[in-house]
Amino acid sequence: RRFLQHLGRATLVTIVTTGGVFYYVTQKDRHPGPQLPFDPTKKNVVVLGSGWGATSFLKSVDTSDYNIIVVSPRNFFLFTPLLPSVAVGTLNPKSILQPIRYLTRHKERQVTVIEAEATAVDPIKKTVTFHDDSEVQGEVSATTVPFDYLIYAVGAETQTFGIPGVKEHACFMKEIQDAEIMKRRFMDCVESAGFPGQSETEIKRLLHMVVVGGGPTGIEVSGELHDFLEDDLKSWYPELSDNIKITLVEALPSVLPMFSKELINYTESTFKESKIDILTGTMVKEVKDKSVVLQMPDKTISEVPVGMVVWAGGNKPRNVTVDLMSKLPDAQKNKRGLSIDDHLRMAGADGTIFALGDCTFSSYAPTAQVASQQGAYLARVFSQIAKRDRIASEIATAQAENRDVTTLQKQLEKAEKLRPFHYSHQGSLAYIGSEKAIADLVVFNQKFATGGVATFLFWRSAYLSTLFSLRNRVLVANDWLKVKLFGRDLARE
Ligand code: FAD
Ligand code: NAI
């Protein structure tokens, strides 16, 4: 009995201590202290974007060295890897967002955050022009600010190749509102299919979901749609669920070209078991209101009735990026993104514009992993630049006072040597539905491929730990538990 009493007391002490620490950490995070004010003697750094690249830079940069202004049309960071889970209601949209001020208010020096869209960058005059394009605007909604350094991390937009009807009729999977639109659209198709008197053909059309693009986005969306169907819709819409059909269309001969062959085969066989049709070598030529036009592998054209089309056709540069490239035509010749050097300096600009992530065209894939490593690298570069500037100013003072500057010169030479960016690939992960994931991993410089339920658990724990904050981790874990207990929400908001 004494042992049980002791165990009970120990458990109680552990719970109370953990709860106390958790409460202390969250409250400390909620109430940031005062920050250093803007310092006119420091250099101004403008950061465009609040995505993977920009936030990784902001997390690590030492703000005591700079005045920083962040400009982004959304006032939050979006954890994109879990976006497809929002599209079927597994996760609440807010669980994977983190307001950018939750980060910037914890920096040593005050950081200005402006919700606006950059419309033009002048690489010669070193200015950025931006507009407030939100629903509510004040008397001033456009302005131009100068910069000493620009961190250009505006990401990319979805590539549609100008295919007719895509913008008008398809859903996308890039921003948080895309996932919300898709969820609404999907549930609308299901509810309309249940409308009394609907013909068999119309029910089949409404419940045919076509996902375009066999890259990781298209695969994950198809897998999540399948889970929604199996776990929830079969119980709540038994009269309709047999008619729900998911088709994945990919122009290339295989899906997921960036994964190893065995994982491609594993994904294809999992999709086959899940009754998700994969049409490879098939190109979408047009998206209409109620159908998609496909060019089949034998070049014949087929028009397929659909209720919803999700377009995941890859990336293309944003207009502001195309405009910026056009201002330095001799150095910026690649149409697929900004050309940068090994130190992430934009080619053709005089070392004052650094570009990273999906807006660039380099040897690296456009992934969160690359963008966040580049952001952390740039924060280190900026520390070194600040150090270099400090030594240079010390040299100037010493020379004015006729002091010996040999040691300082050596220090300056060292500080001027910037190491190039080096990417360390940690592997690729993707969710393929049915509580299975695939992973091409690199462990101790050895590559190995794995897929299945254990990989799914690894996928979940990997993303749970990489989420932006403790707050996000708690919210996401809570959503997963909620769905396990009560299923996904069917309400169409
Ligand atoms: P983003 O993260 O897209 O950020 C761009 C920022 O710029 C945004 O804040 C945006 O609001 C802002 N912006 C846009 N226009 C302007 C403007 N005119 N002025 C100022 N700011 C602007 N990668 C992985 O490595 N692993 C994954 O599992 C993974 N899953 C993904 C799942 C989905 C559904 C998607 C769509 C992508 C996924 N990716 C994944 C890819 C990854 O999200 C991108 O590579 C990453 O977001 C690139 O970071 P970025 O900072 O360049 O751009
Ligand atoms: P993607 O570029 O990887 O794939 C798009 C696919 O759409 C291509 O295979 C292309 O052939 C196909 N396509 C384009 N037009 C078509 C048409 N008209 N008809 C049929 N097929 C067409 O794009 P995705 O999946 O959006 O990924 C973008 C980037 O984000 C990639 O670098 C990817 O690695 C990364 N990402 C990574 C994830 C992960 O690691 N789990 C998840 C999602 C994205």
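Residues numbered from 1 in each chain as written. Chains lettered and ligands numbered in written order. Predicted model: local features only at pLDDT ≥ 70, side-chain atom pairs only at ≥ 80, totals over all residues. Heavy atoms only, no water.

Q: Got a sec to walk through the overall build of the protein? Specific residues and values, please.
A: When helices and strands are counted, the protein shows 14 helices and 25 strands. Since a compact globule built from 493 residues should have a radius of gyration of about 23 Å, the 26 Å found for the protein is in line with a globular shape. Summarising its shape, the C-alpha atoms of the protein cover approximately 95 × 80 × 55 Å along the three principal directions. Once local pairs closer than 6 in sequence are excluded, the contacts in the protein between residues at least 24 apart make up 65%. On the protein, the mean spot of the 57 positive side-chain charges and the mean spot of the 56 negative ones are 6 Å from each other. (Helix = DSSP H or I, 4+ residues; strand = E, 2+ residues; numbered from the N terminus. Rg over C-alpha atoms; globule rule 2.2 N^0.38 Å. Contact = heavy atoms within 4.5 Å. Lys, Arg positive; Asp, Glu negative; His and termini not counted. Charge placed at Lys NZ, Arg CZ, Asp CG, Glu CD.)

Q: Describe helix α12 (residues 406-416), with residues and values.
A: Buried within α12 we find Leu408, Leu412 and Ala415. The arc that holds the buried residues of α12, viewed along the axis, is 65°, so those residues lie on one side. More than 90 degrees from the buried face of α12, the exposed residues found are Thr407, Lys410 and Lys414. (Buried < 20%, exposed > 50% of the residue type's maximum accessible area, 1.4 Å probe, protein only. Arc of directions from axis to C-beta.)

Q: Help me get a handle on the site of ligand 2, residues and values and all.
A: The local shell around ligand 2 holds 25 residues, among which Thr217, Glu250, Ala251, Val284 and Leu429 are the closest. In this structure, an oxygen atom belonging to ligand 2 sits 2.9 Å away from a side-chain N or O atom of Thr217. Glu220 places a side-chain nitrogen or oxygen 3.3 Å from a nitrogen atom of ligand 2. Relative to its unbound accessible area of 840 Å², ligand 2 is 80% covered by the protein chains. For the shell around ligand 2, the secondary-structure elements that each account for two or more residues are α8 (216-236), β15 (283-287) and β23 (427-433). The biggest single contributor to the shell around ligand 2 is α8, with 3 residues. When the residues that make up the shell around ligand 2 are grouped by side-chain class, the tally is 15 nonpolar, 8 polar and 2 charged. (Near = heavy atom within 4 Å. Polar contact = N/O pair within 3.5 Å; in protein donor to acceptor, adjacent residues only side chain to side chain. Areas by Shrake-Rupley, 256 points an atom, 1.4 Å probe, with all protein chains shown as cover. Nonpolar A, V, L, I, M, F, W, Y, C, P; charged D, E, K, R; others polar.)

Q: Could you give an account of the confidence of the model for the protein, naming the residues involved and the relevant values?
A: Within the protein, residue pLDDT values average 96, and 100% of them lie at 70 or more. In the predicted assembly, ipTM is 0.98 and pTM is 0.95. (pLDDT = per-residue confidence, 0-100.)

Q: Give a detailed account of the side chain of Ser64, specifying residues and quantitative values.
A: Within the fold, Ser64 resides in the loop between α2 (52-60) and β2 (66-72). Classification of Ser64 by relative accessible area gives buried; the value is 17%. A distance of 2.6 Å separates the side chain of Ser64 from the side chain of Asp62, its partner in a polar contact.

Q: Please provide a residue-by-residue account of the site of ligand 1, values included.
A: Around ligand 1, the structure places 29 residues, and the nearest of them are Ser50, Gly53, Thr80, Asp358 and Tyr463. Taking Asp358, its main chain carries an N or O atom lying 2.8 Å from an oxygen atom of ligand 1. Here an oxygen atom of ligand 1 and a backbone polar atom of Pro366 are 3.0 Å apart. Here ligand 1, which alone exposes 990 Å², has 91% of that area covered by the protein. Listing elements by their share of the shell around ligand 1, those giving two or more residues are α2, β2, β6 (117-122) and α11 (368-400). Per element, the largest residue contribution to the shell around ligand 1 is 3 residues, and it comes from α11.

Q: A description of empty space enclosed by the protein should follow, citing residues and the corresponding values.
A: Applying the stated criterion across every chain, the model contains 1 cavity of 30 Å³ or more. Around the largest cavity, the lining residues are His169, Arg185, Val287, Lys288, Asp289, Val306, Gly307, Met308 and Val309. Split into classes, the residues belonging to the lining of the largest cavity amount to 4 nonpolar, 2 polar and 3 charged. (1 Å grid on protein atoms, 1.4 Å probe; cavity = no way out; pocket = protein on both sides within 12 Å on 5 of 7 lines; lining within 4 Å. Points joined across faces, edges and corners; volume = space filled by probe spheres on them.)

Q: Break down the sheet that holds strand β21 (residues 353-355) for me, citing the residues and quoting the values.
A: If you trace the 5 strands from one edge of the open sheet to the other, you get β5-β2-β1-β9-β21, paired in parallel fashion. The outermost strands of the open sheet, each flanked by one partner alone, are β5 (111-115) and β21. Mean inter-strand twist for the sheet, computed between neighbouring axes without regard to direction, equals 15°. Taken together, the 6 bridges between strand β1 (residues 43-48) and β2 define a ladder with parallel strand orientation. By the bridge assignment for β2, Leu48 is matched with Val71. (Pairing = 2+ DSSP bridges. Axes fitted to C-alpha atoms, helices over the stretch in contact; angles between N-to-C directions.)

Q: An account of the packing of aromatic side chains is needed here, citing residue identities and associated values.
A: In total, this model carries 17 aromatic pairs according to the counting rule given. An angle of 50° between the planes, with centres 5.3 Å apart, marks the rings of Trp52 and Phe79 as tilted. Taken as a pair, Trp52 in helix α2 and Phe79 in the loop between β3 (76-78) and α3 (83-86) lie far apart in primary sequence, 27 residues in all. Relative accessible area serves as the criterion here: at 1%, Phe79 is assigned to the buried category. Judged by centre distance (5.4 Å) and plane angle (80°), the rings of Phe57 and Phe382 are edge-to-face. Of this pair, Phe57 sits in helix α2 while Phe382 is found in helix α11, placing the two residues 325 residues apart along the sequence. When sorted by exposure, Phe57 lands in the same class as Phe382, which is buried. Three or more aromatic residues link up through ring pairs in this structure, and these residues are Trp52, Phe77, Phe79, Tyr431, Phe456, Trp459, Tyr463 and Phe468. One cation-aromatic arrangement involves Lys59 over Phe468; the distance from NZ or CZ to the ring centre is 4.3 Å. (Phe/Tyr/Trp six-rings, centres within 6.5 Å; stacked < 30°, edge-to-face > 60°. Lys NZ or Arg CZ within 6 Å of the ring centre and 35° of its normal.)

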